[in-house]
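Residues per chain, in single letters:
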Amino acid sequence: MKTKTIVRPSELRTYAYCPRLYFFETHIALKRGFREKLRLALGRVSHIVIEFIARIRGYNVEEPMEADLGKVLLKGRPDYYKVIHGRAIVFEIKTSRGPSKGIWLGDALQAIAYATILLKRGAREAVIALDYRGSRRILRVSGDHVAMLFKTIDEVRLVKEWGVIPFPDRGLYKCLRCRYAGICYAIDRDVPEGLEEPGSWVKGSKVITG
Ligand code: SF4
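On a predicted model such as this, the values are computed, not experimentally measured, just so you know. (Residues numbered from 1 in each chain as written. Predicted model: local features only at pLDDT ≥ 70, side-chain atom pairs only at ≥ 80, totals over all residues. Heavy atoms only, no water.)

A. The arrangement of the packing of aromatic side chains in detail. Per the counting criterion, the structure on display carries six aromatic pairs. Arranged with centres 5.5 Å apart and planes meeting at 85°, the rings of Y59 and F91 form a pair that is edge-to-face. Of the two residues, Y59 is situated in the loop between α3 (34-56) and β2 (60-61) and F91 in strand β6 (residues 87-93); the sequence distance between them amounts to 32 residues. Through pairs of rings, three or more aromatic residues link up here, namely F23, F24 and Y180. A cation over a ring is seen here: K82 above Y59, with NZ or CZ 4.4 Å from the ring centre. Above the plane of the ring of Y17 lies K174, whose end atom (NZ or CZ) is 4.5 Å from the centre. (Phe/Tyr/Trp six-rings, centres within 6.5 Å; stacked < 30°, edge-to-face > 60°. Helix = DSSP H or I, 4+ residues; strand = E, 2+ residues; numbered from the N terminus. Lys NZ or Arg CZ within 6 Å of the ring centre and 35° of its normal.)

Put into structure tokens, the structure is as follows:
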């Protein structure tokens, strides 16, 4: 019997940031540089402080959860959440700043994934809250958001299971500091012009506003 593909909400976030980067992280996974390791460690410290306060306030903190979506097992641990009278609220902490309005696509997909697991576990409605540096953004999860989540999961499966190389969502700053830039640009020398690659839709959907 074929085992299910495990998809983690954090993978959806990387895919939304750059689908091609997700391919490299999945199939090559070069070691992280010192600056990246330091940034992750600092982020972890601020997570610990906020999660400690959330625990005191009665939230479920970093609790493992999963949902069977047929060929996929969606599995992860939200920063913290609560379900009150059938209404789920999922919080994700980010050390970066949010967009001027709304929620970054990747952050929204990550939190919508947790919200969808809670909806499958019986919650009647769900809200996500992104705690960016200096601001909190809240979004009620709709059917369109869940459809976007499933579309992303389908594409992630193509990359993870079948090794399909997806769209490179280029940006000057992120490509300059990307440890896969050399191979990424080399691949594109052989890609025919006008080819429709999975993930190209993320370019025009960087922010979710509702
Ligand atoms: S070089 Fe740019 S487009 Fe290529 S994987 Fe890295 S971030 Fe994505």
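B. Expanded view of the pairing of strand β3 (residues 65-68). In β3, alternate side chains face the same way, and those of M65 and A67 are buried while those of E66 and D68 on the opposite face are not. Pairing of β3 with strand β4 (residues 72-76), which is carried by four bridges, proceeds in the antiparallel orientation. Within β4, the position partnered with E66 by the bridge is K75. Connecting β3 to the next strand, β4, in antiparallel fashion are three residues, including G70 with a positive phi near 90°. (Buried < 20%, exposed > 50% of the residue type's maximum accessible area, 1.4 Å probe, protein only. Pairing = 2+ DSSP bridges.)

C. Spotlight on α3. An ideal rise of 1.5 Å per residue puts 33 Å on 23 residues; α3 measures up with 34 Å between its terminal C-alpha atoms. All of the buried residues in α3 are G43, H47, E51 and A54. Buried residues in α3 make contact with β2, β5 (80-84) and β6. Looking one or two residues beyond α3, the residue adopting positive phi is G58, at roughly 90°. (Expected span 1.5 Å × (residues − 1). Contact = heavy atoms within 4.5 Å.)

D. Representation of the site of the ligand in the model. Taken together, C18, R20, L21, F24, P168, D169, R170, C175, C178, A181 and C184 form the complete shell of residues around the ligand. Of all the secondary structure elements, the ones that give two or more residues to the shell around the ligand are α2 (19-27) and α7 (181-188). With three residues, α2 is the single largest residue contributor to the shell around the ligand. A breakdown of the residues in the shell around the ligand according to their chemical character gives eight nonpolar, no polar and three charged. (Near = heavy atom within 4 Å. Nonpolar A, V, L, I, M, F, W, Y, C, P; charged D, E, K, R; others polar.)

E. View of a nonpolar patch on the surface. A contiguous nonpolar patch, built from V45, V49, F52, I53 and I56 and spanning about 500 Å² of accessible area, is present on the exposed surface. Take F52: it is sitting in helix α3. Residue F52 is classed as exposed on the basis of its relative accessible area of 54%. (Patch = residues over 30% accessible without salt bridge, like charges linked within 9 Å, V, L, I, M, F, W, Y side chains within 5 Å. Areas by Shrake-Rupley, 256 points an atom, 1.4 Å probe, with all protein chains shown as cover. Salt bridge = Lys/Arg side-chain N within 4 Å of Asp/Glu carboxyl O.)

F. Molecular detail of the sheet that holds β2. Taking strand neighbours across the sheet as the criterion, the five strands line up as β2-β5-β6-β8-β9 in an open arrangement whose pairing is mixed. Bordering the open sheet on either side are β2 and β9 (135-140), each of which pairs with just one other strand. Relative to β9, strand β8 (residues 125-132) is paired through six bridges, and the arrangement is antiparallel. Each bridged residue has a counterpart across the sheet, and for Y132 the counterpart in β9 is S135.

G. Summary view of the packing of α2 against helix α5 (residues 143-162). Put simply, α2 and α5 touch, their axes get as near as 10 Å, and they point 40° apart. Classified by the interaxial angle, the pair formed by α2 and α5 is oblique. As α2 runs across α5, the sense of the crossing is right-handed. Residues Y22, F23, T26 and H27 of α2 touch α5, and the partners they reach there are V156, V159 and K160. Class assignment for the residues of the contact of α2 with α5 results in four nonpolar, two polar and one charged. (Axes fitted to C-alpha atoms, helices over the stretch in contact; angles between N-to-C directions. Parallel < 35°, antiparallel > 145°, perpendicular 65-115°, else oblique. Left-handed = near helix turned anticlockwise from the far one by under 90°.)

Any functional reading would require information that these geometric values do not contain.
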